[in-house]
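Single-letter residue listing:
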Amino acid sequence: MLNYRHILAVCAGVLLPLAVAGPVRSERIQTPIQTHQVRGTSGGDRQTSCGFIGSPALQIQVTEPMASLQFRVTGGGSPTLYVTSGQTQDCAMSDSLSGGAVELPGVWEQGSYRVFVGDRNGDAHPYQLSVTQR
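The rules behind these values
Residues numbered from 1 in each chain as written. Predicted model: local features only at pLDDT ≥ 70, side-chain atom pairs only at ≥ 80, totals over all residues. Heavy atoms only, no water. Buried < 20%, exposed > 50% of the residue type's maximum accessible area, 1.4 Å probe, protein only. Helix = DSSP H or I, 4+ residues; strand = E, 2+ residues; numbered from the N terminus. Pairing = 2+ DSSP bridges. Contact = heavy atoms within 4.5 Å. Polar contact = N/O pair within 3.5 Å; in protein donor to acceptor, adjacent residues only side chain to side chain.

Attention now goes to the pairing of strand E6 (residues 79-85). Within E6, 7 of the 7 residues are buried, which leaves it mostly tucked inside the rest of the structure. Because side chains alternate across E6, one face comprises the buried residues Pro79, Leu81, Val83 and Ser85, and the other comprises Thr80, Tyr82 and Thr84, equally buried. Note: E6 against strand E8 (residues 101-119), 6 bridges, orientation antiparallel. Residue pairing in the sheet places threonine 80 in a bridge with glycine 118 of E8. With 6 bridges connecting them, E6 and strand E7 (residues 88-93) associate as antiparallel partners. Looking at the pairing, leucine 81 lines up with alanine 92 of E7. In this antiparallel pair of consecutive strands, E6 and E7, the connection spans 2 residues, and glycine 86 shows a positive phi of 60°.

Next up, the structure:
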(Lines give C-alpha, C1' and ligand atoms only; values in the text may rest on other atoms or scores of the structure.)
Protein backbone atom coordinates (compact mmCIF):
# COMPACT_ATOMS: atom_id res chain seq x y z
CA MET A 1 0.00 0.00 0.00
CA LEU A 2 1.33 3.44 -0.95
CA ASN A 3 1.27 6.28 1.50
CA TYR A 4 1.92 9.98 0.97
CA ARG A 5 5.70 9.52 1.48
CA HIS A 6 5.85 7.08 -1.43
CA ILE A 7 3.81 9.42 -3.63
CA LEU A 8 6.07 12.39 -2.77
CA ALA A 9 9.18 10.33 -3.49
CA VAL A 10 7.80 9.26 -6.86
CA CYS A 11 6.75 12.85 -7.74
CA ALA A 12 10.13 14.23 -6.70
CA GLY A 13 11.89 11.54 -8.74
CA VAL A 14 9.88 12.49 -11.84
CA LEU A 15 9.67 16.27 -11.47
CA LEU A 16 13.19 17.07 -10.26
CA PRO A 17 14.94 15.77 -13.41
CA LEU A 18 12.46 17.73 -15.53
CA ALA A 19 13.21 20.93 -13.63
CA VAL A 20 16.97 20.41 -13.92
CA ALA A 21 17.00 19.22 -17.54
CA GLY A 22 14.19 21.44 -18.83
CA PRO A 23 14.47 23.36 -22.08
CA VAL A 24 16.92 26.22 -22.24
CA ARG A 25 15.12 29.50 -22.86
CA SER A 26 16.68 31.64 -25.55
CA GLU A 27 16.85 35.37 -25.21
CA ARG A 28 14.44 37.43 -27.32
CA ILE A 29 15.28 40.84 -28.75
CA GLN A 30 13.95 43.06 -31.51
CA THR A 31 15.46 45.63 -33.83
CA PRO A 32 16.54 48.38 -33.81
CA ILE A 33 19.60 47.54 -31.70
CA GLN A 34 23.15 48.85 -31.47
CA THR A 35 25.02 45.74 -30.30
CA HIS A 36 23.67 42.84 -28.27
CA GLN A 37 25.79 40.06 -26.74
CA VAL A 38 24.92 36.58 -25.50
CA ARG A 39 27.16 33.99 -23.83
CA GLY A 40 26.52 30.27 -23.77
CA THR A 41 27.75 26.81 -24.66
CA SER A 42 27.97 25.70 -28.29
CA GLY A 43 26.86 22.42 -29.77
CA GLY A 44 23.92 20.19 -29.08
CA ASP A 45 22.43 16.82 -29.90
CA ARG A 46 20.64 17.72 -33.16
CA GLN A 47 22.74 17.24 -36.31
CA THR A 48 22.10 19.71 -39.14
CA SER A 49 23.89 20.77 -42.31
CA CYS A 50 25.48 23.44 -40.09
CA GLY A 51 26.90 21.12 -37.43
CA PHE A 52 25.36 19.98 -34.17
CA ILE A 53 22.95 22.43 -32.51
CA GLY A 54 20.77 22.60 -29.42
CA SER A 55 18.30 25.30 -28.43
CA PRO A 56 18.51 28.71 -30.12
CA ALA A 57 20.91 31.11 -28.41
CA LEU A 58 18.83 34.08 -29.51
CA GLN A 59 15.54 34.90 -31.15
CA ILE A 60 15.48 38.23 -32.93
CA GLN A 61 12.50 40.07 -34.39
CA VAL A 62 13.39 42.38 -37.29
CA THR A 63 10.74 45.10 -37.09
CA GLU A 64 11.87 47.25 -40.04
CA PRO A 65 11.25 46.20 -43.67
CA MET A 66 15.02 45.48 -43.93
CA ALA A 67 17.83 45.57 -41.36
CA SER A 68 21.58 45.30 -41.86
CA LEU A 69 22.77 42.91 -39.15
CA GLN A 70 26.06 41.23 -38.46
CA PHE A 71 26.13 38.07 -36.35
CA ARG A 72 29.55 37.15 -34.91
CA VAL A 73 30.47 34.25 -32.65
CA THR A 74 33.81 33.54 -31.01
CA GLY A 75 34.62 30.44 -29.02
CA GLY A 76 36.52 27.21 -28.79
CA GLY A 77 36.20 24.07 -30.86
CA SER A 78 34.70 24.35 -34.33
CA PRO A 79 31.82 26.81 -33.88
CA THR A 80 29.04 27.28 -36.39
CA LEU A 81 26.44 30.00 -36.74
CA TYR A 82 23.02 28.90 -37.97
CA VAL A 83 20.20 31.41 -38.53
CA THR A 84 16.73 30.19 -39.50
CA SER A 85 13.42 31.80 -40.35
CA GLY A 86 10.63 29.64 -41.73
CA GLN A 87 12.11 27.88 -44.75
CA THR A 88 15.18 30.17 -44.89
CA GLN A 89 18.47 28.92 -43.43
CA ASP A 90 21.86 30.62 -43.35
CA CYS A 91 25.01 28.92 -42.13
CA ALA A 92 28.58 30.00 -41.44
CA MET A 93 31.28 27.65 -40.15
CA SER A 94 34.68 28.20 -38.65
CA ASP A 95 37.73 26.91 -40.48
CA SER A 96 41.43 26.53 -39.80
CA LEU A 97 42.05 30.20 -40.61
CA SER A 98 39.21 31.74 -38.56
CA GLY A 99 40.72 31.18 -35.12
CA GLY A 100 37.35 30.20 -33.64
CA ALA A 101 35.49 33.24 -35.00
CA VAL A 102 32.51 33.03 -37.34
CA GLU A 103 30.69 35.97 -38.97
CA LEU A 104 27.40 36.11 -40.83
CA PRO A 105 26.61 39.61 -42.11
CA GLY A 106 23.65 40.48 -44.27
CA VAL A 107 20.50 42.43 -44.92
CA TRP A 108 17.65 40.67 -43.16
CA GLU A 109 13.99 41.08 -44.10
CA GLN A 110 11.28 41.83 -41.59
CA GLY A 111 10.44 38.73 -39.59
CA SER A 112 11.46 36.44 -36.76
CA TYR A 113 14.84 34.66 -36.76
CA ARG A 114 16.30 31.96 -34.53
CA VAL A 115 20.07 32.01 -34.04
CA PHE A 116 21.90 28.81 -33.08
CA VAL A 117 25.55 28.46 -32.07
CA GLY A 118 26.59 24.94 -32.96
CA ASP A 119 29.75 22.92 -33.31
CA ARG A 120 30.83 20.95 -36.39
CA ASN A 121 32.07 18.05 -34.26
CA GLY A 122 29.25 17.99 -31.71
CA ASP A 123 31.48 19.24 -28.90
CA ALA A 124 30.46 21.79 -26.28
CA HIS A 125 32.53 24.96 -25.76
CA PRO A 126 31.87 28.40 -24.24
CA TYR A 127 31.05 31.08 -26.81
CA GLN A 128 30.19 34.74 -27.11
CA LEU A 129 27.64 35.80 -29.73
CA SER A 130 27.25 39.43 -30.75
CA VAL A 131 24.65 40.98 -33.04
CA THR A 132 25.31 44.45 -34.40
CA GLN A 133 22.95 46.53 -36.49
CA ARG A 134 24.64 48.84 -38.97
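Moving on to the environment of serine 78. On the secondary structure map, serine 78 appears in the loop between strand E5 (58-75) and E6. Take serine 78: its relative accessible area is 12%, and that puts it in the buried class. Here the alpha-carbon distance between serine 78 and glycine 100, two residues 22 residues apart in the chain, equals 6.5 Å. Leaving out residues up to four positions away in the same chain, serine 78 has contacts with Ser94, Gly118, Asp119, Arg120 and Asn121. Engagement of the side chain of serine 78 in a polar contact is seen with the side chain of asparagine 121, the distance being 3.3 Å.

Geometric values such as these leave the question of function open.
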